[in-house]
Amino acid sequence: MLRPFVTMLLALTLLPAAAFAGDNFWQTPTINGAGKIHALPQAAYQPDRNATYKVVFSLSKAGDKPDEVSPSLDHVARAVNLYVSAGVPLDHLKFVAIASGGATPIVLNDAQYKKAYGVANPNLPLIEQLRKAGVDIAVCGQAVAEHKFQYDWVDSHVTLALSALTTITVLEQQGYALMPL
């Protein structure tokens, strides 16, 4: 008597997992291959399609391994994908992502990243896509110095900022919301 109940319970438990495995469940509508989202057009707190969103993302994490994309950077891609999926035009997104601390190496050009970690910088293709979507990717100049990197080692798609501290406070004064990642 208990066995059919356990079997049915197990089947019901696995059913949602099967639904999530569908080909179209996770999407990357704007930033291809990164920042995956699941569209929820009926969910609460949808962005206003006519509003402009100003966000400064404080990036603090590199990938767990040198050949992995920074999860902080991936979350910036997710934010872009979420807003665009909800109908907000790209030109209504005023996003700045500034790397510092542990995330500082993600902005190294390929040659320097290979010297330091033995692999190509996996973050550069995502940085380039984010830039094309209008996201300013920056790095804390103080963190570059603290890591003993030279400033010309920073990839050409990345903005060299005075510091993360000043960038965040300056942008908050301009109405940007802080999103620590």
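Look up a bit, the structure's there.
How each quantity is defined
- Residues numbered from 1 in each chain as written.
- Predicted model: local features only at pLDDT ≥ 70, side-chain atom pairs only at ≥ 80, totals over all residues.
- Heavy atoms only, no water.
- Pairing = 2+ DSSP bridges.
- Helix = DSSP H or I, 4+ residues; strand = E, 2+ residues; numbered from the N terminus.
- Axes fitted to C-alpha atoms, helices over the stretch in contact; angles between N-to-C directions.
- Contact = heavy atoms within 4.5 Å.
- Parallel < 35°, antiparallel > 145°, perpendicular 65-115°, else oblique.
- Left-handed = near helix turned anticlockwise from the far one by under 90°.
- Nonpolar A, V, L, I, M, F, W, Y, C, P; charged D, E, K, R; others polar.

Caption draft 1: Quick peek at the sheet that holds strand β3 (residues 136-140). Judged by pairing direction, the sheet is parallel, and its 5 strands sit side by side in the order β4-β3-β2-β1-β5 without closing on themselves. Two strands lie at the open edges of the sheet, namely β4 (159-161) and β5 (177-180), each paired on one side alone. Adjacent strand axes in the sheet meet at a mean angle of 30° when their direction is disregarded. As judged from the 4 bridges shared by strand β1 (residues 53-59) and β5, these two strands associate in the parallel manner. Across the sheet, the residue bridging to Phe57 is Met179, located in β5. Against the sheet, helix α2 (residues 71-85) makes contact with β1, β2 (93-99) and β3, and its axis sits at roughly 175° relative to β2, the strand it touches most.

Caption draft 2: Geometry of the packing of α2 against helix α4 (residues 124-132). In the contact formed by α2 and α4, the axes pass within 11 Å of each other and the chain directions differ by 30°. Regarding the angle of α2 to α4, the classification is roughly parallel. Where α2 crosses over α4, the two elements pack in a sense that is left-handed. Across from Leu73, Asp74, Val76, Ala77 and Val80 in α2, the residues of α4 making contact are Leu126, Ile127 and Leu130. For the contact of α2 with α4, a count of residues per class yields 7 nonpolar, no polar and 1 charged.

Caption draft 3: Quick peek at the environment of Pro47. In this fold, Pro47 is placed in the loop between α1 (2-20) and β1. A C-alpha to C-alpha distance of 9.1 Å links Pro47 and Leu82, two positions 35 residues apart in sequence. Those residues in contact with Pro47 that sit more than four places away from it in its chain are Tyr53, Tyr83, Ala86 and Val88.

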